[in-house]
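# Analysis of the macromolecular model
Next come the chains, spelled out residue by residue.
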Protein chains: 2
Amino acid sequence: MTQKQTSRTTRRKAGSYTIHDVAALAGVSSITVSRYFNSPEKVSVALRERLREIIDRIGYVPSQVAGGLASGHGRVVCAVMQNIASATFADLVKGMTDELQASGLQLLLANAQYSQELEEQAIRTFVGWHPTALILTRHDHTPAAEAMLRALNIPVIEAWGLVPGRPFHQVGFPHIETGAILARHFLEQGATRIQFVMSHTTEDFRAKQRAQGYAQAMASAGLKADVQVIAQDDEFEAGAMGIEALSRLAANCRPQALIFANDNMAAGAILHAPACNLVLPRDCAIAGFGDASISARLRPALTTLRPARYQIGQHAARTVLQQLTLGPARDNTVVEDLLPCELVIRESSQLHL
Amino acid sequence: MTQKQTSRTTRRKAGSYTIHDVAALAGVSSITVSRYFNSPEKVSVALRERLREIIDRIGYVPSQVAGGLASGHGRVVCAVMQNIASATFADLVKGMTDELQASGLQLLLANAQYSQELEEQAIRTFVGWHPTALILTRHDHTPAAEAMLRALNIPVIEAWGLVPGRPFHQVGFPHIETGAILARHFLEQGATRIQFVMSHTTEDFRAKQRAQGYAQAMASAGLKADVQVIAQDDEFEAGAMGIEALSRLAANCRPQALIFANDNMAAGAILHAPACNLVLPRDCAIAGFGDASISARLRPALTTLRPARYQIGQHAARTVLQQLTLGPARDNTVVEDLLPCELVIRESSQLHL
DNA sequence: TTGTAGGCGTTATCAC
DNA sequence: GTGATAACGCCTACAA
C-alpha cells in the first residue's frame with residue numbers, strides 16, 4: 001500500500017537508497033530508521049542491530065540535504081576566511097575542522113581576501129545554506145552584511161581578532177595590543193628610535209592595527225612613531241628593502257629596532273642583512289609577527305608573537321557546538337574568549353645600545 | 001482547496017522568507033520566482049525588474065538546501081585534502097574556490113591527514129551531501145571508498161598526483177618522476193654520491209614516491225641509492241640533522257649532493273650548515289621540493305621543484321565545471337591533465353667536485 | 001511567458 | 001518503542 005510510483009512520469013532519484021528502502025528491508029517504518037540515526041536510544045536494541053546490518057550491507061547514507069530541509073537547519077557551519085592560502089588561516093581552518101569532525105557538521109568555506117565586499121557576498125551565499133552557525137574573521141562588516149547577521153538568528157562567532165563590545169561571540173586576541181607589546185619590548189630595553197615596517201600593498205588590515213598599537217605605545221612613552229611603508233608586493237623583498245634602507249642611514253640616527261608587520265618581512269630582512277654589511281642584532285634589533293616555522297631557525301633567531309592559531313579555530317568551533325547544546329548564551333555570559341598571543345623572545349630583539 | 005495550514009500545530013520555519021513570499025508580493029506564482037533565479041531569460045523583463053526590487057527589499061535568498069533536494073543534486077563540490085594546514089593544500093583550495101566562485105557551487109572541505117581511513121570516512125560523509133562532484137588528492141583509496149566512488153556516478157577528480165590508467169580524471173603531475181628529475185640534475189653534473197634525505201615521521205606518502213623516483217634514477221645510472229631516514233618530527237630540525245650527519249663523514253666519501261624530501265628540510269640544512277663548518281654548495285650541493293616562499297631568499301638560494309599548486313586546484317575545479325556543462329567526458333577523452341612541476345635551479349645545487 | 005500538480009528524502013508532531 | 005501524516009522550500013514535468 002501507499003504505492004510510491006503514483007504515475008508513470010514520477011521523478012526518481014538516481015540509484016541511491018533512501019530511508020524508505022532501508023525501512024522496507026527491515027520491515028519497519030521510515031521514521032524508525034530516522035530515529036536509529038538521530039536518537040538510537042529510542043530504538044530497541046534488536047532492531048538497532050538489524051538496521052545496522054542492512055545499512056552496512058546496502059551502503060545507505062542519509063541525505064544531509066533532505067535532513068537539513070526537514071529539520072530546518074542545514075548541517076553546516078560556514079566560515080569566511082580572509083586568505084585561505086595563508087598559514088594563519090590554514091591553521092584556523094584545521095582547528096575548526098578537527099573540532100567539528102565528530103559532530104556531523106561540515107565546514108563550508110569562503111575566501112574574502114581581506115575585502116568587505118567579498119565577505120558580504122560570501123555571507124549572502126551562506127545564508128542560502130541555512131547554516132547552523134557562522135564564523136567570521138573580521139569585525140568591520142558592510143552594513144548589509146551586519147543586517148544579515150542580525151537577521152540570521154544563529155550563533156555568529158568572530159574569530160582571530162578580539163574587539164570589545166561587539167554583539168557577537170569573540171574568540172581571539174586584540175591585534176592593536178600586539179603592536180604595543182612589541183614596542184614595549186624594545187622600549188623596556190631602552191630603545192628610543194623604533195620603526196614599524198610594513199608593506200604598502202599589505203592587504204592584511206590587521207598589520208595596520210598592529211602599527212596603530214605600536215604608535216600608541218610610542219606616544220605613551222613620549223616618543224615619535226615612525227611607520228615605514230614599503231612599496232613592494234613580495235614580503236621577503238619588502239623586508240630586505242626595509243633593512244637596506246636602514247643600512248644607508250648614519251649609525252647614530254638610524255632606528256635601533258625594527259618591528260616588521262610579519263615574520264616573512266622580518267625573515268627577508270635577516271637574510272638580507274649580511275649583504276648590507278649589517279650584523280644583527282648588534283646593528284639593529286628585529287621583531288616580527290606570527291611565529292612562522294622558519295623564524296626560530298633564522299640566525300639570529302627571530303623574536304616574534306605567536307598567536308594561538310589552531311586553538312582559535314578549535315575554540316571557535318567548540319563555541320558553536322556549545323551554543324547548539326546549551327542554546328544561545330544567557331544574557332550576560334562572557335562572549336569574549338581571549339586566546340593567548342605569546343611574545344617569543346629570541347636573539348634578534350636583543351638591543352645593543 | 002489544498003489548504004496549507006491543515007492543523008493548528010503545523011511546523012513553521014523561523015522568520016526567513018520563502019520563494020512563496022516573494023511570489024505573493026509580486027502577485028505571481030512561485031515557479032516564476034524560481035525561474036527568475038535559474039533561467040532569468042524565461043521571465044519577462046518587466047517582471048524581472050519587479051522581482052529584483054522585491055527580493056532586494058526583503059533580502060530574500062533562495063534556500064540551497066531545498067533547491068538541492070528538489071533538483072536532486074546539492075550545489076556542492078566536495079574535496080578531501082590530505083593536510084589542510086600545509087601551504088600546498090592551502091594553495092590547492094584557493095585555486096578551487098577561486099574557480100568555483102562564480103558558478104554558485106560551494107566547496108565542502110574535509111581533511112584526511114594522509115590517512116586512507118580518514119579519507120574513506122570523509123567520502124562517506126560527503127556522499128550524504130549528494131555532491132555535484134568530488135575532488136580527491138590521492139590515488140590509493142580503501143576498497144570501500146573505491147566502491148563508493150564508482151557507485152556515486154558523479155565526476156570524480158584526482159588532483160595533485162598524476163597516475164596513468166586510473167578510472168578518474170587526473171590533474172597534476174607524477175610525483176615519482178620528480179624524484180628522478182632531481183637525481184638526474186645532480187647526475188648530469190657528474191655526481192656519483194647522491195643521498196635522499198627524508199624524515200622518519202613523514203606522513204606525506206608523496207615524499208616516499210619521490211624517494212622511489214630518485215632510487216630508480218640512481219639505478220639507471222648504475223649507482224647505489226642512498227636514502228637516509230631521520231627520526232625527527234620537526235622538518236627544519238630533521239634537515240639540520242641531515243647536514244650535520246654529513247659533516248661528520250670524511251670529505252672524500254660523503255655525499256656530494258643531498259636531495260631533501262621538501263624545502264623545509266632543505267632550509268633547515270642550509271641554515272644549520274654554518275654551525276657545522278660547512279660552506280654550501282661547495283661542500284655539498286642541496287635540492288628540495290615545493291618551492292617554499294623562503295627558498296629563493298636563502299643563501300645559498302635553494303634549488304627546488306615548483307609544482308603548479310594553485311593551477312592544479314583551479315584546473316580541477318574547472319574540470320568539474322566543464323563536465324557539468326558538457327556532460328561526462330566521452331569515452332576516449334584524455335582524462336590526464338599534466339600540470340607543470342618546474343625545476344627551479346638556484347645556487348644551492350651547483351656541484352663542486 | 002506563466003501556471004498547476006506533485007515529489008525530492010527527511011524529520012516534527014501527535015497518536016498508539 | 002513504533003507509526004501515520006504532514007510539512008520543510010524548491011524544482012521537474014506538463015499544460016496553457
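Residues numbered from 1 in each chain as written. Chains lettered and ligands numbered in written order. Predicted model: local features only at pLDDT ≥ 70, side-chain atom pairs only at ≥ 80, totals over all residues. Heavy atoms only, no water.

## Here we look at the overall build of chain A
- Along chain A, the regular secondary structure elements total twelve helices and twelve strands.
- The C-alpha atoms of chain A give a radius of gyration of 27 Å, which is well past the 20 Å a tight globule of 353 residues would have.
- Projected onto its principal axes, the C-alpha positions of chain A cover 95 × 40 × 40 Å.
- Per-residue burial for chain A yields a buried fraction of 53% across its 353 residues.
- For chain A, contacts bridging at least 24 residues in sequence account for 69% of all contacts bridging at least 6.
- Accessible surface, chain A as shown: approximately 15900 Å² in total, 52% of it carbon and sulfur.
- When the 33 basic and 32 acidic side-chain charges of chain A are each reduced to a single mean position, those positions are 8 Å apart. (Helix = DSSP H or I, 4+ residues; strand = E, 2+ residues; numbered from the N terminus. Rg over C-alpha atoms; globule rule 2.2 N^0.38 Å. Buried < 20%, exposed > 50% of the residue type's maximum accessible area, 1.4 Å probe, protein only. Contact = heavy atoms within 4.5 Å. Areas by Shrake-Rupley, 256 points an atom, 1.4 Å probe, with all protein chains shown as cover. Lys, Arg positive; Asp, Glu negative; His and termini not counted. Charge placed at Lys NZ, Arg CZ, Asp CG, Glu CD.)

## Some points on the pattern of salt bridges
- Within the structure shown, the criterion is met by 38 salt bridges over all chains.
- For the salt bridge of Glu237 of chain B with Arg297 of chain A, the shortest nitrogen-to-oxygen distance reads 2.8 Å. Remark: Arg297 of chain A occurs in the loop between strand S9 (285-287) and strand S10 (304-307) and Glu237 of chain B occurs in helix H10 (residues 235-247); the pair is interchain, linking two chains.
- For the salt bridge of Glu158 of chain B with Arg166 of chain B, the shortest nitrogen-to-oxygen distance reads 2.5 Å. The burial state of Glu158 of chain B is the same as that of Arg166 of chain B; both residues are buried.
- Among the ionic contacts, a cluster of salt bridges with common partners joins Glu146, Arg150, Glu158 and Arg166 of chain A. (Salt bridge = Lys/Arg side-chain N within 4 Å of Asp/Glu carboxyl O.)

## Description of the domain arrangement of chain A
- Per the domain assignment, the segments making up chain A are domain 1 (19-62), domain 2 (71-173 + 309-339) and domain 3 (175-307).
- Inter-centroid distance (C-alpha atoms) of domain 1 of chain A to domain 3 of chain A is 61 Å. (Domains from an automatic or database assignment.)

## What about the interface of chain A and chain B?
- Taken together, the contact pairs 49 residues of chain A with 49 residues of chain B.
- Each partner contributes to the roughly 4300 Å² buried at the junction of chain A and chain B, and carbon and sulfur atoms together form 65% of this total.
- Among the residues chain A hides against chain B, the three largest losses belong to Val65, Trp129 and Arg297 of chain A. Together they make up 17% of the total.
- Taken together, chain A and chain B are joined by four salt bridges.
- For Arg297 of chain A, the salt bridge goes to Asp234 of chain B, with nearest N and O atoms at 3.3 Å.
- Our count for the chain A to chain B interface comes out at six residue pairs in polar contact (both at pLDDT 80 or more).
- Listed by contribution, the elements that provide at least two residues to the side of chain A that touches chain B are helix H4 (64-71), helix H5 (87-100), strand S2 (106-111), helix H6 (116-127), helix H10 (235-247) and helix H11 (263-272) of chain A.
- Of the residues assigned to the side of chain A that touches chain B, the class counts are 23 nonpolar, 16 polar and ten charged. (Buried area = accessible area lost by both parts, 1.4 Å probe. Polar contact = N/O pair within 3.5 Å; in protein donor to acceptor, adjacent residues only side chain to side chain. Nonpolar A, V, L, I, M, F, W, Y, C, P; charged D, E, K, R; others polar.)

## Observations concerning the pairing of strand S5 (residues 169-173) of chain B
Residues and elements named next belong to chain B.
- Where burial is concerned, most of S5 is hidden: five out of the five residues are buried.
- Where strand S4 (residues 156-161) and S5 come together, five bridges link them in parallel fashion. Looking across to S5, one finds that Ala159 is bridged to Val171.
- As defined by bridge partners, S5 adjoins strand S11 (residues 336-338) across three bridges and the pair is classed as parallel. Across the sheet, residue Val171 finds its bridge partner in S11, namely Asp337. (Pairing = 2+ DSSP bridges.)

## Here we look at the sheet that holds strand S9 (residues 285-287) of chain B
All names here are of chain B.
- Read from one edge to the other, the open sheet built from four strands follows the order S7-S6-S8-S9, with strand pairing classed as parallel. Where the open sheet ends on each side, the last strands, each with one partner, are strand S7 (227-230) and S9. Here the strands of the sheet are splayed against their neighbours by 25° on average, with no regard to which way each runs.
- With three bridges joining them, strand S8 (residues 257-260) and S9 adopt parallel strand pairing. (Axes fitted to C-alpha atoms, helices over the stretch in contact; angles between N-to-C directions.)

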